[in-house]
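Coordinate inspection notes
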Amino acid sequence: MDQLIFDKVNNIIPDFNPELANGIACSQVDGIVSYFDGLMHCIAEEFPTDVVYHGMRRCTPEEEFNFAMGKKPVAGNGEENGRYKKLTYEISKNDLFMVVSTFSKVYEDGTSVLLPPRPMYLPFCRDGATLHLMSVLYHLSPIVADKSISATVNSIFLPLYRARINLYRVTHHFILDGQRLIVPVIWGNIYNKADRKKVRIETASMLYLLSKYGLKEAFHRFAKCAIVSGSSSEITMEHYPRNDWVIV
């Protein structure tokens, strides 16, 4: 009787979504190779012109073993000095697989030579969104995040490929055409090098543009206007009427 009731109930209740029941992280990890390949293509745009990135592929088991057991020079020109690390092979359980990125160098005469491939380990996921690292079992916990810009009341989060940047706003006072104005200014530590200084500096985003392009070129590129700089005796409303110019 109980089994009959269970069968009736089971026919009514919809099945679990297998993507959620098995761990949604598993479906996200499936495209990890194409994701990192896309990252490399974005980074390759800043490579020197004579270095070309061709793509990323998964290694065969034989290739992975050969890369893992290959000679690894000691840091500090170890290869040139004939010094290599002791060969070891990791036998603990790791849910990782190896991929290689291929590059080539192009010479002035148009010829190109393939550079040594660069291997890298990437993780894969087991049922239940679990994976092993050094024989330790970990569970992947998914999070909900915006794919692009995340905006709050006073900040914007930019998940760029090579950095994670938070931009904030702060009020700033300045004189425009002889009148005092209060406007919001965007700032953020885009140059996110580790800095142990105790003094907190709120760097305006405009300063990064001025540092790279200079004052006139930055305004020409991003504000689409030409500027004239000079002393207060040179920049006056007689020479630069308010109808055509803005004096700061």
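Structure: above.
To start, this report covers the structure provided alongside it. (Residues numbered from 1 in each chain as written. Predicted model: local features only at pLDDT ≥ 70, side-chain atom pairs only at ≥ 80, totals over all residues. Heavy atoms only, no water.)

A word on the sheet that holds strand S10 (residues 179-187)
Convention followed: A pair of strands counts as paired when DSSP detects no fewer than two bridges linking them. Numbering of helices and strands starts at the N terminus; helices are DSSP runs of H or I of at least 4 residues and strands are runs of E of at least 2.
The 4 strands are arranged S7-S8-S9-S10 in an open sheet whose pairing can be described as antiparallel. In this open sheet, the two strands that pair with only one neighbour each are strand S7 (150-151) and S10. In the sheet, S7 pairs with strand S8 (residues 155-159) via 2 bridges, with the strands oriented antiparallel. For Ala 151, the partnering residue across the bridge sits in S8 and is Ile 156.

Details of the nonpolar core
Rule in force here: Side-chain atoms within 4.5 Å are what join buried Ala, Val, Leu, Ile, Met, Phe, Trp, Tyr and Cys residues into a set we call a nonpolar core. Classification of residues uses two cut-offs on accessible area relative to the type maximum, computed with a 1.4 Å probe and protein chains only: under 20% is buried, over 50% is exposed, and between them is partly exposed.
Counting residues in each nonpolar core, the largest one holds 9 residues, listed as Ile 32, Met 40, Ala 44, Tyr 53, Met 56, Phe 97, Val 99, Phe 103 and Leu 122. Elements represented by at least two residues in this core include exactly helix H4 (32-44), strand S1 (51-58) and strand S2 (96-106).

What about a nonpolar patch on the surface?
Worth spelling out the cut-off: Note on patches: the residues involved have over 30% relative accessible area and no salt bridge, like charges join within 9 Å, and the nonpolar side chains Val, Leu, Ile, Met, Phe, Trp and Tyr join within 5 Å. In short, Shrake-Rupley with a 1.4 Å probe defines the accessible areas, and a residue's cover is counted only from the protein chains shown. A pairing counts as a salt bridge when a side-chain nitrogen of Lys or Arg comes within 4 Å of a carboxyl oxygen of Asp or Glu.
Where nonpolar side chains cluster on the molecular surface, the patch consists of Ile 5, Phe 6, Val 9, Ile 12 and Ile 13 and spans about 510 Å² of accessible area. Following the sequence through the fold, Val 9 ends up in helix H1 (residues 2-12).

A look at the side chain of Ser 92
We apply this condition: Between N or O atoms, a polar contact is any pair within 3.5 Å; within protein, one atom must be a potential hydrogen donor and the other a potential acceptor, and residues adjacent in sequence are included only when both atoms are from side chains. Contacts are residue-level and defined by heavy atoms, with any inter-residue pair within 4.5 Å sufficient.
Its location among the elements puts Ser 92 in the loop between helix H5 (61-68) and S2. Here the side chain of Ser 92 touches Glu 90 through a polar contact of 2.5 Å, side chain to side chain. Residues contacting Ser 92, with those up to four places away along its chain left out, are Met 134 and Ser 135.

Let's talk about the packing of aromatic side chains
What counts here: Stacked, tilted and edge-to-face are the three classes applied to pairs of Phe, Tyr and Trp rings, where Trp contributes its six-membered ring and a pair requires centres within 6.5 Å; stacked means planes under 30 degrees apart, edge-to-face means over 60, and tilted covers the rest. Our definition puts a charge over a ring when NZ of Lys or CZ of Arg is within 6 Å of the ring centre and also within 35 degrees of the ring normal.
The final tally for this structure, using the stated rule, is 5 aromatic pairs. Relative to Phe 103, the ring of Tyr 53 has its centre 5.4 Å away and its plane inclined at 50°; by these criteria the two rings are tilted. Residue Tyr 53 is found in strand S1, and its partner Phe 103 is found in strand S2; the two are separated by 50 residues along the sequence. Considered together, Tyr 53 and Phe 103 belong to a single accessibility category, that of buried residues. One aromatic cluster is present, formed by Phe 47, Tyr 53 and Phe 103 through successive ring pairs. Cation over ring: Arg 58 sits above Phe 97, and NZ or CZ is 4.2 Å from the ring centre. The positively charged end of Lys 105 is found above the aromatic ring belonging to Tyr 107, 5.5 Å away from the centroid.

A word on the pattern of salt bridges
Here the structure, examined in full by the defined rule, presents 4 salt bridges. The partner of Asp 50 in a salt bridge is Lys 105, and the shortest N-O contact between them spans 2.7 Å. With Asp 50 in the loop between H4 and S1 and Lys 105 in strand S2, this pair connects stretches of sequence that are 55 residues apart. Asp 95 is the partner of Arg 126 in a salt bridge, and the nearest nitrogen-oxygen pair spans 2.9 Å. Of this pair, Arg 126 sits in the loop between strand S4 (118-123) and strand S5 (130-133) while Asp 95 is found in the loop between H5 and S2, placing the two residues 31 residues apart along the sequence. Under the relative-accessibility criterion, Arg 126 is labelled partly exposed at 34%.

Quick look at the pairing of strand S9 (residues 164-176)
Consecutive side chains along a regular strand alternate between the two faces of the sheet. Here S8 pairs with S9 via 5 bridges, running antiparallel. Paired with Leu 158 across the strands is Ile 165, a residue of S9. As paired elements, S9 and S10 share 9 bridges and run antiparallel to each other. Residue pairing for S10: Ile 175 is matched across the bridge by Arg 180.

Some words on the environment of Phe 174
Summarising the element assignment, Phe 174 is placed in strand S9. Placed 31 residues apart in sequence, Phe 174 and Ile 143 show a C-alpha to C-alpha distance of 42 Å. Phe 174 has contacts with Gln 179, Arg 180, Leu 181, Val 183 and Val 248, leaving out every residue within four places of it along the chain.

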